[in-house]
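# Summary of the model geometry
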Amino acid sequence: MDSQHLLKRLGTARGFTLQTLGDLTPAQWTAIPEGFSNNILWNAAHIAATQARLLYMLNGLPAPIPESLAEKAIRGTSPKDWTDPLTPEEVLDVLQRLVPQAIEDDAAGKFNQYKPLELRPDLKLETFEDAILFAILHEGMHIGMIMEMKKLVK
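None of the values given here were measured: they were computed from a predicted structure. (Residues numbered from 1 in each chain as written. Predicted model: local features only at pLDDT ≥ 70, side-chain atom pairs only at ≥ 80, totals over all residues. Heavy atoms only, no water.)

### Let's talk about helix α6 (residues 128-152)
Here α6 is 25 residues long and its end C-alpha atoms lie 36 Å apart, about the 36 Å a rise of 1.5 Å per residue gives. Listed as buried for α6 are F128, A131, I132, F134, A135, H138, E139, H142, I143, I146, M149 and K150. In this structure, the buried side of α6 is in contact with α1 (3-21), α2 (26-30), α3 (40-56), α5 (88-107), β1 (117-120) and β2 (123-125). (Helix = DSSP H or I, 4+ residues; strand = E, 2+ residues; numbered from the N terminus. Expected span 1.5 Å × (residues − 1). Buried < 20%, exposed > 50% of the residue type's maximum accessible area, 1.4 Å probe, protein only. Contact = heavy atoms within 4.5 Å.)

Set out below in structure tokens:
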């Protein structure tokens, strides 16, 4: 499959993510359920930060997201450590803009310097298309986490 088709499928996943996040109260965004190390807000930001890294940074391009969001939502971080918290509005804004921007940038030929990434010995992203496929999988995993968290933070 070509990258435009895959990016449109990423857009489908993003639509589901945005729908899942659409009815949250402020308290639900920030509550960390028992047994979890992060909250819904962190998971939503992590989806965006990971996508920016996979699609943009591994192509030698600047990430089209605020640097503060990227730093706060990389693997191994926690909202417990945030001194200047993210807001649901800024994360939703980034999530809404990121896939359409990637589709536009791909159509303009900007994604042509992809640097392969080995996530673990049995998982290497060799191509830009591999990165998109992994971004879809990754988003799906975090949608599942968000859905579980929503049940716990009613």
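Here the narrative resumes, following the displayed structure.
### Structural notes on the nonpolar core
Counting 43 residues, the largest nonpolar core has L21, I40, L54, L55, I65, L69 and V91 as its most contacted members. Those elements that place two or more of their residues in this core are α1, α3, α4 (67-72), α5 and α6. In terms of residues, this core owes the most to one element, α3, which gives 12 residues. (Core = buried A, V, L, I, M, F, W, Y, C linked by side-chain atoms within 4.5 Å.)

### A closer look at the confidence of the model for the chain
For the chain, mean pLDDT is 95; residues scoring 70 or higher make up 100% of the total. The least confident element of the chain, judged by mean pLDDT, is β1 at 91; the most confident is α5 at 98. (pLDDT = per-residue confidence, 0-100.)

### Regarding the pairing of β1
Where β1 meets β2, three bridges bridge the pair, whose relative direction is antiparallel. Looking across to β2, one finds that L117 is bridged to L125. (Pairing = 2+ DSSP bridges.)

### Some points on the packing of α1 against α3
Viewed as axis vectors pointing N to C, α1 and α3 meet at an angle of 165°, and their least axial separation amounts to 12 Å. Of the possible angle classes, the one that applies to α1 and α3 is roughly antiparallel. Regarding α1 and α3, the two cross each other, and that crossing is left-handed. For the pair formed by α1 and α3, the contact residues are L7, L10, R14, T17 and L21 on the first element and I40, A44, I47, Q51 and L55 on the second. (Axes fitted to C-alpha atoms, helices over the stretch in contact; angles between N-to-C directions. Parallel < 35°, antiparallel > 145°, perpendicular 65-115°, else oblique. Left-handed = near helix turned anticlockwise from the far one by under 90°.)

### Some details on the environment of R75
Within the secondary structure, R75 sits in the loop between α4 and α5. A sequence separation of 64 residues divides R75 from G11, and the C-alpha atoms of the two residues are 23 Å apart.

### Structural notes on the pattern of salt bridges
In this structure the tally under the stated criterion is six salt bridges. Taking the shortest distance from any N to any O, the salt bridge between E139 and R14 comes out at 2.7 Å. One end of the pair, E139, is in helix α6; the other, R14, is in helix α1, with 125 residues separating them in the sequence. Each of the two residues, E139 as well as R14, counts as buried. A salt bridge links K151 to E148, with the shortest nitrogen-to-oxygen separation between them at 3.1 Å. With K151 and E148 both in helix α6, this residue pair falls three residues apart, about one helical turn. (Salt bridge = Lys/Arg side-chain N within 4 Å of Asp/Glu carboxyl O.)

### Topic: the side chain of K150
In this structure, K150 sits in helix α6. Judged by its relative accessible area of 19%, K150 is buried. When sequence neighbours within four positions are dropped, the list of residues in contact with K150 reads T20, D23, L24, Q28 and I40.

### Side note on the packing of aromatic side chains
Applying the stated criterion across every chain, the model contains two aromatic pairs. Aromatic side chains Y56 and F111 sit 4.9 Å apart centroid to centroid with 75° between the ring planes, which places their arrangement in the edge-to-face category. Taken together, the residues Y56 in helix α3 and F111 in the loop between α5 and β1 connect sequence positions 55 residues apart. For Y56, a relative accessible area of 3% corresponds to the buried category. The class of F111 is buried, set by a relative accessible area of 9%. Among the aromatic residues, those joined into a ring-pair cluster are Y56, F111 and F128. (Phe/Tyr/Trp six-rings, centres within 6.5 Å; stacked < 30°, edge-to-face > 60°.)

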